[in-house]
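Tertiary structure, described
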Amino acid sequence: MREQLVAVYKNHAGDVISFQTSGGRIISYRKALQEAEEGTITGINIQENAAEGDTLHGSFESQSFSALPEYY
């Protein structure tokens, strides 16, 4: 069964650094990107950006993770 992201963890500057999955795992941003590419995690889109590298975006209306609970 594929997991979804259910919460975001941010650093003191407000940058997303990790996520909580529907399975209860806490994974890094890079791990979430990898699992999204593999299809293990659903509900997110990968946006390719040559200058900054690939980035994750929620696949909901706002295309951000602002709809998820935030933890610092």
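Before going into details, it helps to say that this report is about the structure given with it. As the structure is a prediction and not an experimental result, all values here were calculated from the model. (Residues numbered from 1 in each chain as written. Predicted model: local features only at pLDDT ≥ 70, side-chain atom pairs only at ≥ 80, totals over all residues. Heavy atoms only, no water.)

When helices and strands are counted, the protein chain shows 1 helix and 7 strands. Its helices and strands taken in sequence order, the protein chain reads β-β-β-α-β-β-β-β from the N to the C terminus. The contacts in the protein chain between residues at least 6 apart in sequence include a share of 28% that link residues at least 24 apart. Counting only carbon and sulfur atoms, one obtains 47% of the accessible surface of the protein chain, whose full area is about 4,700 Å². (Helix = DSSP H or I, 4+ residues; strand = E, 2+ residues; numbered from the N terminus. Contact = heavy atoms within 4.5 Å. Areas by Shrake-Rupley, 256 points an atom, 1.4 Å probe, with all protein chains shown as cover.)

By secondary structure assignment, the location of I44 is in strand β5 (residues 44-47). On the accessibility criterion, I44 (12% relative accessible area) is buried. Residues I44 and A32, 12 residues apart in the sequence, show an inter-C-alpha distance of 9.3 Å. (Buried < 20%, exposed > 50% of the residue type's maximum accessible area, 1.4 Å probe, protein only.)

Turning to the side chain of K10, a few remarks are in order. On the secondary structure map, K10 appears in strand β1 (residues 3-10). Given a relative accessible area of 17%, K10 falls into the buried group. A polar contact of 3.0 Å, which involves the side chain of K10, links it to the side chain of E70. (Polar contact = N/O pair within 3.5 Å; in protein donor to acceptor, adjacent residues only side chain to side chain.)

This next bit is on the nonpolar core. Within the largest apolar cluster, 10 residues are counted, these being L5, V8, F19, I27, A32, A36, I41, I44, F65 and L68. Of all the secondary-structure elements, those providing two or more residues to this core are β1 and α1 (29-38). (Core = buried A, V, L, I, M, F, W, Y, C linked by side-chain atoms within 4.5 Å.)

Mapped onto the elements, E3 comes out in strand β1. We classify E3 as buried; its relative accessible area is 13%.

Another point: the environment of E3. Along the backbone, E3 and G39 are 36 residues apart, and their C-alpha atoms lie at a distance of 9.4 Å. Beyond its immediate sequence surroundings of up to four residues, E3 is in contact with T21, S22, G23, G24, R25, E35, T40, I41 and T42. Within the structure, E3 has its side chain in polar contact with the side chain of T21 (distance 2.6 Å).

The next thing to look at is the pattern of salt bridges. Taken as a whole, this structure holds 4 salt bridges when the rule is applied. Among the ionic pairs, K10 bridges to E70, the shortest N-O distance being 3.0 Å. Placement of K10 in strand β1 and of E70 in strand β7 (residues 70-71) is noted, with a sequence separation of 60 residues between them. Across the pair K31 and E35 runs a salt bridge, and its minimum N-O distance is 3.4 Å. Of this pair, K31 and E35 both sit in helix α1, 4 residues apart, which is roughly one turn of that helix. Each member of the salt-bridge network shares a partner with another, and the members are E3, R25, K31 and E35. (Salt bridge = Lys/Arg side-chain N within 4 Å of Asp/Glu carboxyl O.)

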